[in-house]
Protein chains: 2
Amino acid sequence: MHRYKCIISYDGTQFAGYQVQPEKRTVQLELEKALRKIHKGDEVRVSASGRTDAGVHAMGQVIHFDSSYSFPAENWEKAMNALLPDDIAILRVEKVSQEFHARFHASGKEYRYMISLSKKRDPFRRNYAYHFPFALDSKAIKDAIPFLLGTHDFTSFCSAKTEVEDKVRTIREIELVEDNGLLVFRFVGSGFLYNMVRILVGTLLEVGTGKKKPSDVAEILEKKDRSFAGKTAPGQGLYLWEVFYENK
Amino acid sequence: MHRYKCIISYDGTQFAGYQVQPEKRTVQLELEKALRKIHKGDEVRVSASGRTDAGVHAMGQVIHFDSSYSFPAENWEKAMNALLPDDIAILRVEKVSQEFHARFHASGKEYRYMISLSKKRDPFRRNYAYHFPFALDSKAIKDAIPFLLGTHDFTSFCSAKTEVEDKVRTIREIELVEDNGLLVFRFVGSGFLYNMVRILVGTLLEVGTGKKKPSDVAEILEKKDRSFAGKTAPGQGLYLWEVFYENK
């Protein structure tokens, strides 16, 4: 068997998320359908670096799969793109060792969250950014960021629905950039809990509108209780931007 | 009665075009539905500067309607945006004289056509640009443009389905700009026939790939026969950008 790593991009708008669910259109379903065609009806299981929710986008999700075929990488790319629907694109295929695992070997991830600040709503951004036409104090948001950096128990910033036990994660970078009417948050970290980026954004927006003080963020971390953090920002603003691996 | 002019924007992806058609979701249908709610069930007829086809977008379509209500412009804007689906936005409302007509008084229009040149397909552009990952000689395209400028009978660049008799139109500007992996055509003219911009783009792309010579465009105009021009470029690349009126 040969193992292949793929970097993929998808527009999450028409998907019920990444992971297979009964009766739903998901990214994993479409990937496995395409690979089954290439493998003449044989089931091929795809493993991703992690799930993304309904409406959430990916610029650089990573998956791997095993195959008895050993086509060159470009042929895999062409064959898969030809069979996939046009809201998923295979950006790159690479043959990797049997030890590589898209999820277990990921050493970190970058997520971005896009917020449209324009007063008027923009039909072209409705599925690609969170429309937030309110005054924001970006200095207050920037003052809150240092409290979140580093290694913390992020229980307060994690959906109560999660089954993961260990809620300690490390955030290496949070950056806030304004670009052409869009406010872009960049989060780089060791890994992120279920809904963590969206709850971080929802909480930082409450700091930006003055509903919370920058230092409240430190207290929310301390509480280890989801109910103290802000609202979960909507999925359509979120992009899984890149997945990092230490040893290729 | 009071007459209101509105500048509207819509993402054409989920519409079967602008104009009402039985059993189809159209922009006009949604506008008239919203206005009917504001008018407590009374029918309000909306007139646009012109139709747009399925999948075609608008950054600045213009419509007008009559109402017995005389709300300030901002209240119309808020009320309509609150009732419209989020793929249509009212950008501006203005009270105009009873003589104003969105279609008959339009003195010109600007259309833009977006082409994605990237070799890899981009899931985020699939509904918003025409993916054309082939080598293009933009000098050849620019050499063809002067043959199209000015006043001509555009029968060759018009869908054979059209019912309009007079096919003489004036193109005042055609500009080609490359921006961040997108090739953007700008067309400004007195008015455009059915499918005219899309057939012009399809033909200019054939000049760009070398299938046609720049001077062929002059011959195609002469023929007054649709079959000599290039293919109709797909709808998702087309944007009705602005409608001009001489006397506001």
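The rules behind the values
- Residues numbered from 1 in each chain as written.
- Chains lettered and ligands numbered in written order.
- Predicted model: local features only at pLDDT ≥ 70, side-chain atom pairs only at ≥ 80, totals over all residues.
- Heavy atoms only, no water.
- Axes fitted to C-alpha atoms, helices over the stretch in contact; angles between N-to-C directions.
- Helix = DSSP H or I, 4+ residues; strand = E, 2+ residues; numbered from the N terminus.
- Parallel < 35°, antiparallel > 145°, perpendicular 65-115°, else oblique.
- Left-handed = near helix turned anticlockwise from the far one by under 90°.
- Contact = heavy atoms within 4.5 Å.
- Nonpolar A, V, L, I, M, F, W, Y, C, P; charged D, E, K, R; others polar.
- Domains from an automatic or database assignment.
- Buried area = accessible area lost by both parts, 1.4 Å probe.
- Phe/Tyr/Trp six-rings, centres within 6.5 Å; stacked < 30°, edge-to-face > 60°.
- Buried < 20%, exposed > 50% of the residue type's maximum accessible area, 1.4 Å probe, protein only.
- UniProt positions renumbered as here; feature names shortened; annotations may be inferred.
- Salt bridge = Lys/Arg side-chain N within 4 Å of Asp/Glu carboxyl O.
- Polar contact = N/O pair within 3.5 Å; in protein donor to acceptor, adjacent residues only side chain to side chain.
- Expected span 1.5 Å × (residues − 1).
- 1 Å grid on protein atoms, 1.4 Å probe; cavity = no way out; pocket = protein on both sides within 12 Å on 5 of 7 lines; lining within 4 Å.
- Points joined across faces, edges and corners; volume = space filled by probe spheres on them.
- Least-squares fit on C-alpha atoms with pLDDT ≥ 70 in both.

Caption draft 1: Structural context of the packing of helix α3 (residues 138–148) of chain A against helix α5 (residues 216–223) of chain A. All names here are of chain A. Here α3 crosses α5 at 30 degrees, and the two axes come no closer than 8 Å. With respect to α5, the element α3 is oriented roughly parallel. In the packing of α3 onto α5, the handedness of the crossing is right-handed. Judged by residue contacts, Ala144, Phe147 and Leu148 of α3 engage Val217, Ala218 and Leu221 from α5. Among the residues forming the contact of α3 with α5, the class breakdown is 6 nonpolar, no polar and no charged.

Caption draft 2: Local environment of the domain arrangement of chain A. Residues and elements named next belong to chain A. Assigned domains within chain A: domain 1 (2–96) and domain 2 (107–245). With 17 residues of domain 1 in contact, the opposing surface of domain 2 contributes 16 residues. Buried area between domain 1 and domain 2, summed over both chains or domains, comes out near 1200 Å², and the portion from carbon and sulfur atoms is 55%. Three residues stand out in domain 1 for area buried against domain 2, namely Asp53, His57 and Met59, and they jointly supply 39% of the buried area on that side.

Caption draft 3: How the structure looks around the packing of aromatic side chains. Using the criterion set out here, one finds 31 aromatic pairs over all chains in the structure. Aromatic side chains Phe65(B) and Trp76(B) sit 5.2 Å apart centroid to centroid with 70 degrees between the ring planes, which places their arrangement in the edge-to-face category. Of this pair, Phe65(B) sits in strand β3 (residues 57–67) while Trp76(B) is found in helix α2 (residues 73–83), placing the two residues 11 residues apart along the sequence. The pair formed by Phe65(B) and Trp76(B) is uniform in burial state, with each residue classed as buried. Plain terms: the ring middles of Phe100(B) and Tyr245(B) are 5.0 Å apart, the flat faces sit at 55 degrees to each other, and that makes the pair tilted. Separated by 145 residues along the polypeptide, Phe100(B) in the loop between β4 (88–96) and β5 (106–116) and Tyr245(B) in strand β10 (residues 238–245) bring together distant segments of the chain. Of the two residues examined, Phe100(B) and Tyr245(B), each falls in the buried class. One aromatic cluster is present, formed by Phe124(A), Tyr128(A), Tyr239(A), Trp241(A), Phe124(B), Tyr128(B), Tyr239(B) and Trp241(B) through successive ring pairs.

Caption draft 4: Representation of the UniProt feature "binding site: substrate" (unreviewed entry) in chain A within the structure. Residue and element names in this part refer to chain A. Per the UniProt entry, the sites bearing "binding site: substrate" (unreviewed entry) are Tyr111 in this numbering. As for its position among the elements, Tyr111 is in strand β5 (residues 106–116). The contacts of Tyr111, once residues within four sequence positions are left out, are Arg51, Phe185, Arg186, Phe187, Phe192, Val197, Leu238, Tyr239, Leu240 and Trp241.

Caption draft 5: Looking closely at unusual backbone geometry. All names here are of chain A. Backbone geometry places Asn195, a non-glycine residue, at a positive phi of 70 degrees. Positionally, Asn195 belongs in the loop between β9 (182–189) and α4 (196–208). Asn195 sits in the buried class, given a relative accessible area of 16%.

Caption draft 6: Just the interface of chain A and chain B, in detail. Facing 23 residues of chain A, the contacting portion of chain B comprises 23 residues. In terms of surface lost to chain B, no three residues of chain A exceed Arg121(A), Phe124(A) and Arg126(A), which account for 40% of the buried area on that side. Summed over the shared surface of chain A and chain B, the number is 8 salt bridges. Put simply, Lys120(B) and Glu77(A) hold a salt bridge, and the shortest N to O gap is 3.0 Å. Counting across the chain A and chain B interface gives 16 residue pairs in polar contact (both at pLDDT 80 or more). Elements supplying a minimum of two residues to the side of chain A that touches chain B: β1 (2–10), β3 (57–67), α2 (73–83) and β4 (88–96) of chain A. Residue composition of the side of chain A that touches chain B, grouped by class: 12 nonpolar, 4 polar and 7 charged.

Caption draft 7: Just the UniProt feature "active site" (unreviewed entry) in chain A, in detail. Within this numbering scheme, the UniProt entry marks Asp53(A) as carrying the feature "active site" (unreviewed entry). Excluding anything up to four places from it in sequence, Asp53(A) contacts Gly17(A), Tyr194(A), Asn195(A) and Arg198(A).

Caption draft 8: The arrangement of helix α4 (residues 196–208) of chain B in detail. Over its 13 residues, α4(B) extends 18 Å from the first C-alpha to the last, a length consistent with the 18 Å expected when each residue adds 1.5 Å. Of the residues trailing α4(B), Gly210(B) is marked for its positive phi of about 90 degrees.

Caption draft 9: Quick look at the pattern of salt bridges. All names here are of chain B. Scanning all chains against the criterion turns up 40 salt bridges over all chains. A salt bridge links Glu94 to Arg92, with the shortest nitrogen-to-oxygen separation between them at 3.1 Å. Between Lys139 and Asp143 there is a salt bridge, with the nearest N and O atoms lying 2.8 Å from each other. You can see Lys139 and its partner Asp143 sitting in helix α3 (residues 138–148), 4 residues apart, about one turn around the helix. Accessibility expressed as a relative area gives 55% for Lys139, which makes it exposed.

Caption draft 10: Structural view of the side chain of His101(A). Residues and elements named next belong to chain A. With respect to the helices and strands, the residue His101 is situated in the loop between β4 and β5. Judged by its relative accessible area of 17%, His101 falls in the buried class. Within the structure, His101 has its side chain in polar contact with the backbone nitrogen of Phe104 (distance 3.1 Å). With residues up to four places along the chain from it excluded, the contact list for His101 reads Ser47, His64, Ala106 and Tyr245.

Caption draft 11: A look at empty space enclosed by the protein. This model, assessed by the stated rule, comprises 2 cavities of 30 Å³ or more. Estimates place the volume of the largest cavity at around 60 Å³. Taken together, Asp11(A), Thr13(A), Gln14(A), Arg126(A), Asn127(A), Tyr128(A), Thr13(B), Gln14(B), Arg126(B), Asn127(B) and Tyr128(B) make up the full set of residues lining the largest cavity. A breakdown of the residues in the lining of the largest cavity according to their chemical character gives 2 nonpolar, 6 polar and 3 charged.

Caption draft 12: Seen up close, the relation of the copies chain A and chain B. In screw terms, the move from chain A to chain B is a rotation of 180 degrees and a rise of 0.0 Å along the axis, fitting with an RMSD of 0.0 Å. These values place the two chain copies in the arrangement generated by a two-fold rotation axis. Rotation axis and chain A: the residue whose C-alpha lies nearest the axis is Phe124(A), separated from it by 5.5 Å. Interface residue correspondence from chain A to chain B reaches 100%, placing this contact among same-surface, isologous pairings.

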